[in-house]
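# Coordinate inspection notes
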Amino acid sequence: MDFTFPAEVEEFRKEVRAFMEQELTPEIRDEYEHCTDYPHGFNKAITRKLGQRGWLTLTWPKEVGGKEASVWERVVFDEEMAAHHCPIAAHQVSANFAGPAVVHFATDEQKQKLLPPITRGESTWGIGLTEPNAGTDLASVELRAVRDGDDWVLNGSKMYTEHVQDSDHYFLITRTDPEAPKHRGVSIIVVDPRTPGITMVPLWTMDGYRVNQVFFEDVRVPGDALIGEENRGFYHLAMTLNTMRSSGLGGWTEAQGDLDDLVRYAKETTDNGQPLIEDSWVADGIADFAIYVRISRLLSYRVASMLESGGPAPDRETAVRGVWGKVYGQKHVKFANDVMGMAGQVGKYSPEHAPMLARWQRRYMGAIAGAHNGGTPENILNTVALRVLGLPR
Amino acid sequence: MDLGPSEAQQIIKNNARQFLEDACPTEHVREMEEDATGFDPAIWTQVCDFGWSGMLIPEEYGGFGGDMTDIAVLAEEIGRALLPSPLFASSVVGALTVMEAGSDDQKQALLPGIASGESIVTLALNEPSGTYEPWGVQTEATPDGAGWRLSGTKLYVSYADSANTLIVAARTAAGTGPEGVTLFLVDPHAPGVTITILDTIYQDHQFEVVLDGVSVNADQVLGEVGGAWPAIQQVLDRAAVVVAAESIGGAERSLELAVDYSKERVQFGRPIGSFQALQHKMARMVTEVTGAQLLVYEAAWRLTEGLDASIEVPMAKAAASGAYSTCSIEGTHIFGGAGFIKEADIQLYFRRAKGAEVLMGDPRWHRKRVTRLLAERSVPASH
């Protein structure tokens, strides 16, 4: 039984930490906390610097520009990014979602074209999965892609896409065979979001971020926009989503930082002379939150250790980790906001009255989005029930 | 970093499971609930031969020389099988108390017997207050010639009727703090000792031990007069991790029983396990137990490595007890009426979970400890 990182990984951590401490100026951190267009900060310059060091694609094969580093190095990199509030929106999709799909399913030519800019931190991607009539039931997508000569012609719309207004590539799942059973008529197509016929309409989330509804009207893209096998896109996507669920293994450090700040606040803030932390409901909730964060860390490490031993993303641990965050996370965020009392409602534009720069007000709203991004809580509970416990349909 | 049992520990675990599936089916568990002694001497002899009773005791005292991670993986299997035995009372709590508090002579005198299973040594710490804080020790030890006289009521004393020796915590100096607490080796058959069985939810042979002016000699003090609390604290932390591990085993088994039943039980023409309302209960059960298990392993590992585990131990006990409650309560619900009758296995886990929840500190108390430490360690913001 062992709970320690290999020594060389701790060395790597020092290197990453030094970078974060030097590069992430107070302005950049402030941008992370307060930026309006993106959750998690959007900063192409930082993304490029991370790419130059090869850190965005640490575990990728060398022939596509990766470092073939251990999963532990990726964990440590994620941990330090999250702990230092490093902006990640400019590379999150390219490095952790679209990139791995390209690595697995694209042709050599497509890989040569698409992957090097991702590893260098020079290309930003958006994902278009959800549509007005296809959310959790993703196989019902209606964005139609029709072959016309060598080209594809797209018509339809995608919902809630982040980043796409500043992206170089747009990863789409499209309907390529409307006659086939719905799971068997879907394909992955990658387009340049500046292609004529694409219109973006901003939608603003309640916590102040921009997402988009994107309309496609006779959008013509070349034949090599298709990634993977035609009509096998849903299966490619399922595998990619599973890979994505085993990414962000260091994300718990952000929650740890939040917890530390909450403990400090509850210790220093008094209610008629008594520190809040001595109130029994506050004390109990803080411990519960601390246990939640610790288990988040251990589940991440468990998934990492199984990936590192060469297996595929482990079903039980990966899915359970999904439930842990999606089903249990929100109650701790609500609790932390409750500790702020009246001030829990105050936002960032009244900073003098907003504890911790209104972070818990933002988290309170953000927790809803976090629970639904990449699949609903109920969806991941279904996954655990069917795939992990083998319960009948 | 593997965060789980080593290959050798996996073998301990597999062997234990195989043995217990044969030797300790749930019929046996039910039978022992009604039994006057509460455990089967033949099975006890066998598990002692396997080295379980000496698992934590160093080899020089006749033990197996195992560590906290070894006992944790074994405890999972014991919790899964609900093995009725004095193993926890004597070979974990009793042995650890002697190891932490005793002089070398006392260890020589007591540990080999515990390791072989021939002697049962149990700690009498709790009193009617039920607290694990030092103020809970109110039994008085008053000087009497060269020795002492003990008076007070001890409660929740496991297997006191089978014990060869009781280790009684008493106050040699009045007060409520950790100072002045002393441990005494007491013969349960000594004049003035009255032992009465407690009716507990799990019928697990806990006793009230009334001490009415019980006379003990100076050499029956275990360790130092007045200085036992730090040793007791060490014992409680280690024992809490063992109960937590046992709880994980019980929680896992509760989940399995519920999953299996829900696949077979048909209502409205479908197996009830196909209903999402129940599926989501079971998905939460597996999530809680998977998370808590990692925390229990981490606490056991830190104690083994001699690292500070003062926050991991209460986290582990709180999480494991929480998972056991969830799995056994929801598990019993999934069985409906079929879970409530004595013949059902799931109700054994339901009742055991309550006992394990309060043993070695309930989750609220452990969470209080966690927050107290977090507050102590919290430093003002640097900017």
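Given the structure is predicted, the values throughout are model-derived calculations rather than measurements.

### Considering the domain arrangement of chain B
Residues and elements named next belong to chain B.
- If you check the domain split of chain B, you get domain 1 (7–120), domain 2 (123–227) and domain 3 (230–377).
- Between domain 2 and domain 3, the C-alpha centre-to-centre distance is 30 Å.
- Summed over both sides, the interface of domain 2 with domain 3 buries roughly 1,100 Å², with 70% coming from carbon and sulfur.
- It is Tyr132, Ile201 and Tyr202 that lose the most area in domain 2 upon contact with domain 3, and together they represent 59% of the buried surface on that side.
- Here domain 2 is connected to domain 3 by two salt bridges.

### Section: the packing of helix H2 (residues 26–34) of chain B against helix H10 (residues 346–358) of chain B
All names here are of chain B.
- Packing of H2 against H10 leaves a shortest axis separation of 11 Å and a crossing angle of 55°. In terms of orientation, H2 and H10 fall into the oblique class. Between H2 and H10 the crossing geometry is left-handed. Contact with H2, carried on its side by Thr26, Val29, Arg30 and Glu33, involves Gln347, Leu348 and Arg351 of H10 and no other residues of that element.
- In the contact of H2 with H10, the residues fall into two nonpolar, two polar and three charged.

### With respect to the pattern of salt bridges
- For the coordinates displayed, the defined rule picks out 44 salt bridges over all chains.
- Of the charged contacts in the structure, one is a salt bridge between arginine 149 of chain B and aspartate 144 of chain B, with a shortest N-O distance of 3.0 Å.
- Ionic pairing is found between aspartate 204 of chain B and arginine 352 of chain B, a salt bridge with its closest N-O pair at 3.4 Å. With a gap of 148 residues between them, aspartate 204 of chain B in the loop between strand S6 (193–197) and strand S7 (206–216) and arginine 352 of chain B in helix H10 connect regions that are remote in the sequence. Side by side, aspartate 204 of chain B and arginine 352 of chain B carry an identical accessibility label, which is buried.
- Sharing partners across several salt bridges, the network here consists of Glu254, Asp258, Asp261, Arg264, Arg359 and Arg363 of chain A.

### Details of the side chain of glutamate 252 of chain B
- Topologically, glutamate 252 of chain B is positioned in helix H7 (residues 229–264).
- There is a polar contact of 3.3 Å between the side chain of glutamate 252 of chain B and the side chain of arginine 316 of chain A.
- Each residue touching glutamate 252 of chain B, except ones within four places of it in the same chain, is listed here: Arg316 of chain A together with Val289 and Gln293 of chain B.

### Topic: the pairing of strand S3 (residues 151–161) of chain A
All names here are of chain A.
- In this structure, strand S2 (residues 144–148) lies alongside S3, joined through five bridges in antiparallel fashion. Each bridged residue has a counterpart across the sheet, and for aspartate 148 the counterpart in S3 is aspartate 151.
- If you look at the hairpin formed by S2 and S3, you'll find two residues sitting between the two strands, and glycine 149 has a positive phi there, around 65°.
- Relative to strand S7 (residues 210–221), S3 is paired through seven bridges, and the arrangement is antiparallel. Among the inter-strand pairings, tryptophan 152 is bridged to a residue of S7, identified as valine 221.

### Details of unusual backbone geometry
- Even without being glycine, methionine 356 of chain A reaches a positive phi, approximately 50°.
- One non-glycine residue, leucine 82 of chain B, lies in the positive phi region at around 55°.
- You can see leucine 82 of chain B is positioned in the loop between helix H4 (68–81) and helix H5 (87–101).

### A look at the packing of aromatic side chains
- Summed over all chains, the structure comprises 24 aromatic pairs over all chains.
- Considering the side-chain rings of phenylalanine 19 of chain B and phenylalanine 50 of chain B, the 4.8 Å spacing of their centres and the 90° angle between planes classify their relative orientation as edge-to-face. Placement of phenylalanine 19 of chain B in helix H1 (residues 7–23) and of phenylalanine 50 of chain B in the loop between helix H3 (41–49) and H4 is noted, with a sequence separation of 31 residues between them.
- Judged by relative accessible area, which is 40%, phenylalanine 50 of chain B ranks as partly exposed.
- Arranged with centres 6.0 Å apart and planes meeting at 65°, the rings of tryptophan 148 of chain B and phenylalanine 184 of chain B form a pair that is edge-to-face. Placement of the pair is tryptophan 148 of chain B in strand S3 (residues 147–158) and phenylalanine 184 of chain B in strand S5 (residues 181–186), with a sequence separation of 36 residues.
- Residue phenylalanine 184 of chain B is classed as buried on the basis of its relative accessible area, which comes to 0%.
- Aromatic ring contacts, followed pair by pair, group Phe5, Trp72, Trp252 and Tyr301 of chain A into a single cluster.
- Over the ring of phenylalanine 5 of chain A we find arginine 13 of chain A; its NZ or CZ atom is 5.2 Å from the centre of that ring.
- Here the guanidinium or amino end of arginine 53 of chain A rests over the ring plane of tryptophan 55 of chain A, the centre of that ring lying 5.9 Å away.

### Focus: the pairing of strand S2 (residues 140–144) of chain B
Residues and elements named next belong to chain B.
- Of the pairings in the sheet, the one linking S2 to S3 comprises five bridges and is antiparallel in character. Its bridge partner lying in S3, aspartate 144 is registered against glycine 147.
- Connecting the antiparallel pair S2 and S3 is a turn made up of two residues, with glycine 145 showing a positive phi of about 60°.

### Focus: the domain arrangement of chain A
Residues and elements named next belong to chain A.
- Assigned domains of chain A: these are domain 1 (7–124), domain 2 (127–231) and domain 3 (251–388).
- Each of domain 1 and domain 2 has a C-alpha centre, and these two points are 25 Å apart.
- The interface is formed by 20 residues belonging to domain 1 together with 18 residues belonging to domain 2.
- Interface area for domain 1 against domain 2, summed over the two sides, is near 1,700 Å², with a carbon-plus-sulfur share of 60%.
- Across the contact surface, domain 1 and domain 2 share zero salt bridges.
- Where domain 1 meets domain 2, there are six residue pairs in polar contact (both at pLDDT 80 or more).
- Of all elements in the fold, only helix H5 (92–105) and helix H6 (108–119) reach the threshold of two or more residues within the side of domain 1 that touches domain 2.
- A per-element tally of the side of domain 1 that touches domain 2 places H5 first, with five residues.

### Some remarks on empty space enclosed by the protein
All names here are of chain B.
- For the structure on display, the rule yields two cavities of 30 Å³ or more.
- The space that makes up the second largest cavity amounts to roughly 40 Å³.
- Surrounding the second largest cavity, Tyr132, Gln233, Leu236, Asp237, Ala240, Met360, Trp365, His366 and Arg369 form its lining.
- At the level of secondary structure, the elements contributing two or more residues to the lining of the second largest cavity comprise H7 and helix H11 (363–377).
- Considering every element that reaches the lining of the second largest cavity, the biggest residue donor is H7, with four residues.
- Looking at the lining of the second largest cavity residue by residue, the class counts come to five nonpolar, two polar and two charged.

### Regarding the interface of chain A and chain B
- Facing 43 residues of chain A, the contacting portion of chain B comprises 51 residues.
- Buried surface at the junction of chain A and chain B, summed over both partners, amounts to about 4,300 Å²; 68% is from carbon and sulfur atoms.
- If you look at where chain A meets chain B, you find five salt bridges.
- Taken together, chain A and chain B are joined by 20 residue pairs in polar contact (both at pLDDT 80 or more).
- Broken down by secondary-structure element, the contributors of at least two residues to the side of chain A that touches chain B are helix H8 (252–268), helix H9 (280–308), helix H10 (315–339) and helix H12 (377–388) of chain A.
- In terms of residue count, the dominant contributor to the side of chain A that touches chain B is H9 of chain A (15 residues).
- Per-class residue counts for the side of chain A that touches chain B are 27 nonpolar, four polar and twelve charged.

Rules of the game
- For every chain, the first residue of the written sequence is number 1, and numbering continues from 1 along that sequence.
- Starting at A for chains and at 1 for ligands, labels are handed out in the order in which the entities are written.
- Local features are withheld for residues below a pLDDT of 70 in this predicted model, meaning they are given only at 70 or higher, and side-chain atom pairs are given and counted only at 80 or more; totals for whole chains, interfaces and linings count all residues.
- Side-chain numbers here rest on the full set of heavy atoms in the structure, without hydrogens or water.
- Boundaries of every domain are those given by an automatic assignment or by a domain database.
- Accessible area, probed at 1.4 Å, shrinks when two parts are joined; the buried area is that loss added up over both.
- By definition here, a salt bridge exists when the distance from a side-chain nitrogen of Lys or Arg to a carboxyl oxygen of Asp or Glu is within 4 Å.
- Axis definition: a line fitted to C-alpha atoms, limited for helices to the stretch in contact. Angles are taken between N-to-C directions and run from 0 to 180 degrees.
- To qualify as a helix, a DSSP run of H or I must reach at least 4 residues; to qualify as a strand, a run of E must reach at least 2; elements of each kind are numbered from the N terminus.
- Small angles under 35 degrees read as roughly parallel and large ones over 145 as roughly antiparallel, with 65 to 115 read as roughly perpendicular and the rest as oblique.
- For any pair of crossing helices, the crossing counts as left-handed if the nearer helix is rotated counterclockwise from the farther one by less than a right angle, and right-handed if it is rotated clockwise.
- Here a residue-residue contact requires only that any non-hydrogen atoms of the pair lie within 4.5 Å.
- Residues are grouped as follows: Ala, Val, Leu, Ile, Met, Phe, Trp, Tyr, Cys and Pro are nonpolar; Asp, Glu, Lys and Arg are charged; all remaining types, including Gly, are polar.
- Only protein chains enter the accessibility calculation, which uses a 1.4 Å probe. A residue is then buried if its area is under 20% of the maximum for its type, exposed if over 50%, and partly exposed in between.
- By the criterion applied in these results, polar contacts are pairs of N or O atoms within 3.5 Å in which, for protein atoms, one can donate a hydrogen and the other can accept it, and in which residues neighboring in sequence qualify only through two side-chain atoms.
- Pairing between two strands requires that DSSP report at least two bridges joining them.
- Think of it this way: a Phe, Tyr or Trp ring, Trp meaning its six-membered ring, pairs with another when their centres are within 6.5 Å, and the plane angle makes it stacked under 30 degrees, edge-to-face over 60, tilted otherwise.
- Put simply, a charge is over a ring when the Lys NZ or the Arg CZ is close to the ring centre, within 6 Å, and near the line of the ring normal, within 35 degrees.
- Grid spacing is 1 Å over the protein atoms alone, the probe is 1.4 Å, and a cavity is where that probe fits but cannot get out, while a pocket is an open set with protein on both sides within 12 Å along at least five of seven lines and lining residues have an atom within 4 Å of a point.
- Grid points are joined across faces, edges and corners, and a volume is the space filled by probe spheres set on the points.

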